[in-house]
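Reading the structure
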Amino acid sequence: MRSILILSGSPKEVIDGVRYYASVNGVQGFLTAKTLALKGNQVTVIMPDDESYEDCENLRIITKKSDGTVIVSAEDMVKAASEVCAENKFDLAIQLANTASFKAHKPVSQKLKVKDNDLVSFEIEKNTDLFLHLQSLGLPVIEEPDELNEKPVLKSPAREPKTKELIGIKVIVSSGAVSEILTAKNDVITNFSSGKQGFEIAYALADRGADVLLIAGNVHLPEPSHTHIKTIYVQSTEEMLKACQKGLPAHAYIGVAAVADFGIKTVINNIEEYFASDRVRTIEMKQNPDILSYFGHLKETRPEIVIGFAAETHDLLSYAEQKLHKKNADVIFANSVSKDNNAMGSDNNRVYMITKNKTVDCGYSSKYRVGEIIAEIISSNPKLFPALQK
């Protein structure tokens, strides 16, 4: 029996209040950790706090540093590894954490605002090398091949509609975090959206009989097994837009996805060469299509109802009202992504419903309840009344 330290999961390198860099290579080090523990080894796993896991005998899971703050970035993992190695003796270390190649040179807490059609530049620097850090702690270190990296497709329990009030109504819902590839090693720029709000909206509408086309980005949720939900998975903003376009015509579009505002102009092929001469580099990003604005400004095939979401770190209602008019949406649901609301990844959300005539505080409720409010908006729309009578 050996004492083994494993670094696992996918650290996030924060850019601002909603965006981060990550790698999407798909390493699942926790499966290896659990297998080694079940074979009788004493295994300690250091991993980001927001990743799911199951306890088992001989397995210790560390998701926080000694000061109580959660592990998010590769640098957080370095600190946690140093702390645990100062108190414990390990026979072996295994580096399975799926780290991004670089991190923001100067991350900020507020959401960065970008003007239309502007090129965006981010200063980046090479990321912490976890393998070298483990070696510096005096441990023999190995890296496992990633044959065990495929994630199983999780299915939710089968569901049928509960009522028929939205029978005959077709709704497109976009949900989850969209990722833009930055390097040949599958480093991406993405965001903290879990996709739960969009999935719960899809369930609420389908439970009332609507036919829902759910376009999902990077989510870690069970695929809906609802008879009235069809799910399509995409990665980039461009892919999400094309999938939504194929879903037309539709009676309503609900834009819940946290789309990437921009992607890199030229993919970086060799990260080592890229940082060979400079510690800090500037990457230039280009604007991505605006999916909500696309639907809001459609002519002949515009859905009768176009609803968007505004996730902001500050000046919530002001930005949401601007978004409503600029995107030509019918409704904007605004929610803060500050620590006070803690909406990302949770089952609850506090939203404000904003229309051209009023702003309504919907209070703090379940994300499914937000979906019920949207179902009420659709069912009360007089233009859709003939469709509802089919």
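To be clear, the structure that these remarks concern was listed above.
We now turn to the structure provided with this report. All values derive from a computational prediction rather than experimental measurement. Counting from 1, residues in each chain are numbered in the order their sequence is written. Thresholds applied to this predicted model are a pLDDT of at least 70 for local features of residues and 80 or more for the giving and counting of side-chain atom pairs; totals over whole chains, interfaces and linings are not thresholded and use all residues. Only heavy atoms go into the side-chain values, all of them from the structure, while hydrogens and water stay out.

The helix count covers DSSP runs of H or I at least four residues long, the strand count covers runs of E at least two residues long, and both are numbered beginning at the N terminus. Helix and strand content of the chain: 10 helices and 23 strands. Atoms counted for the radius of gyration: C-alpha only. Globule rule: 2.2 Å times residue count to the power 0.38. Here the C-alpha atoms of the chain give a radius of gyration of 23 Å, agreeing with the 21 Å that 2.2 N^0.38 yields for 390 residues. Taking the principal axes of its C-alpha atoms as reference, the chain extends roughly 70 × 45 × 35 Å. Between buried and exposed lies partly exposed: a residue is buried under 20% and exposed over 50% of the maximum accessible area for its type, with that area taken using a 1.4 Å probe on protein chains only. Scored against the burial criterion, the 390 residues of the chain give a buried share of 52%. When the accessible surface of the chain is totalled, it reaches about 18500 Å², and 49% of it is carbon and sulfur. The positive count covers Lys and Arg only, the negative count covers Asp and Glu only, and His and the chain ends enter neither. Here the site of a charge means NZ on Lys, CZ on Arg, CG on Asp, or CD on Glu. On the chain, the mean spot of the 45 positive side-chain charges and the mean spot of the 51 negative ones are 5 Å from each other. The protein chains shown are the only cover counted for residues, whose accessible areas, like all others here, come from Shrake-Rupley with a 1.4 Å probe.

Looking now at helix α5 (residues 237-246). Residues of α5 that are buried include every one of T237, M240, L241, A243 and C244, and no others. In an axial view of α5, the angular spread of the buried residues amounts to 165°, which keeps them on one side of the axis. Contacts made by the buried residues of α5 are with β11 (170-175), β12 (180-181), β14 (211-216), β17 (252-255) and α7 (291-296). Note that the arc is defined by the directions from the helix axis to the C-beta atoms. What makes two residues a contact is simply this: any of their non-hydrogen atoms within 4.5 Å.

Because the α-helix completes a turn every 3.6 residues, residues three or four places apart line up on one side. In terms of burial, helix α4 (residues 196-206) is largely enclosed, as nine of its 11 residues are buried. Listed as buried for α4 are Q197, G198, F199, I201, A202, Y203, A204, L205 and A206.

Looking now at the sheet that holds β12. Paired through backbone hydrogen bonds, the strands of a sheet run either parallel or antiparallel to each other. Overall, antiparallel pairing links the four strands, which are arranged β2-β3-β13-β12 in an open sheet. On the outer flanks of this sheet lie β2 (13-14) and β12, each paired with one strand and no other. Alignment of β2 against strand β3 (residues 19-23), held across two bridges, turns out to be antiparallel. The residue of β3 that forms the bridge with E13 is Y21. Any two strands between which DSSP finds at least two bridges are classified as paired.

As a further point, take the packing of aromatic side chains. The pairing test for Phe, Tyr and Trp rings, Trp by its six-membered ring, is centres within 6.5 Å, and the orientation test on the planes gives stacked under 30 degrees, edge-to-face over 60, and tilted for anything in between. As enumerated under the stated definition, the model contains seven aromatic pairs in all. Between Y274 and F275, the aromatic rings sit 5.3 Å apart at their centres with planes inclined by 90°, giving edge-to-face as the arrangement. By the burial criterion, Y274 is buried, and F275 matches it. Aromatic side chains F309 and F333 sit 5.3 Å apart centroid to centroid with 20° between the ring planes, which places their arrangement in the stacked category. Taken together, the residues span a long stretch of sequence, with F309 in strand β20 (residues 305-312) and F333 in strand β21 (residues 331-336) at a distance of 24 residues. Here the two residues F309 and F333 agree in accessibility, since each one is buried. By the ring-pair criterion, three or more aromatic residues cluster together here, those being Y253, Y294 and F295. Throughout this description, the term charge over a ring refers to an Arg CZ or Lys NZ atom that lies within 6 Å of the ring centre and within 35 degrees of the ring normal. Between R159 and the ring centre of Y203, over which it is positioned, the NZ or CZ distance is 4.1 Å.

Okay, the nonpolar core next. Ranked by size, the top nonpolar core spans 36 residues in total, and within it L205, F333 and I378 carry the most contacts. Counting only elements with at least two residues in this core, the list comes to β11, α4, β14, β17, β20, β21, β22 (348-354) and α9 (367-379). With sequence-adjacent residues up to four places away left out, L205 is seen in contact with L166, V171, V173, A210, V212, G371, I374, A375 and I378. In terms of nonpolar packing, the next biggest core, distinct from the first, is built from 27 residues, V178, Y253, A320 and I354 among them. Remark: nonpolar core denotes a set of buried residues (Ala, Val, Leu, Ile, Met, Phe, Trp, Tyr, Cys) joined through side-chain atoms within 4.5 Å.

Spatially, eight strands are ordered β16-β14-β11-β17-β20-β21-β22-β23 in an open sheet, and the strand pairing comes out mixed. The outermost strands of the open sheet, each flanked by one partner alone, are β16 (229-233) and β23 (359-366). Across the sheet, the axes of successive neighbouring strands diverge by a mean angle of 20°, strand direction being ignored. Note: β20 against β21, six bridges, orientation parallel. Following the sheet pairing, E312 is matched in β21 by S336. Only C-alpha atoms enter the line fits that serve as axes; for helices the fit covers just the stretch in contact. Angles between N-to-C directions range over 0 to 180 degrees.

Another point: the side chain of S179. By the element assignment, S179 lies in the loop between β11 and β12. Side-chain polar atoms of S179 contact the side chain of T190, separated by 3.4 Å. If near-sequence neighbours (up to four positions away) are discounted, S179 is found in contact with V188, I189, T190, N218, Q235 and S236. Two N or O atoms count as a polar contact when they lie within 3.5 Å, although within protein this holds only if one can serve as hydrogen donor and the other as acceptor, and sequence-adjacent residues are included solely when both atoms are side-chain atoms.

Take the packing of α4 against α9 next. One way to put it is that α4 packs onto α9 with a least axis distance of 7 Å and a crossing angle of 50°. Compared by their axis directions, α4 and α9 come out oblique. When you trace α4 past α9, the crossing you get is right-handed. In this structure, α4 uses K196, Q197, E200, I201, Y203, A204 and L205 to contact α9, whose residues at the interface are K367, Y368, V370, G371, E372, I374, A375 and I378. Each residue gets one of three labels, nonpolar for Ala, Val, Leu, Ile, Met, Phe, Trp, Tyr, Cys and Pro, charged for Asp, Glu, Lys and Arg, and polar for the others, Gly among them. Grouping the amino acids of the contact of α4 with α9 by side-chain chemistry returns nine nonpolar, two polar and four charged. For this classification, under 35 degrees means roughly parallel, over 145 means roughly antiparallel, 65 to 115 means roughly perpendicular, and everything else is oblique. Each crossing gets its hand from how the near helix is turned against the far one by less than a right angle, where anticlockwise is left-handed and clockwise is right-handed.

Residue position: E83 is located in helix α2 (residues 74-87). Along the chain, E83 and R60 lie 23 residues apart, while their C-alpha atoms are 14 Å from each other. Not counting residues within four places of it along the chain, the set of residues in contact with E83 comprises K65 and S66. Engagement of the side chain of E83 in a polar contact is seen with the side chain of S66, the distance being 2.9 Å.

Turning our attention to the environment of D315. Among the structural elements, D315 can be located in the loop between β20 and α8 (316-326). For D315, a relative accessible area of 48% corresponds to the partly exposed category. The sequence separation of D315 and D49 amounts to 266 residues, and the corresponding C-alpha distance is 28 Å.

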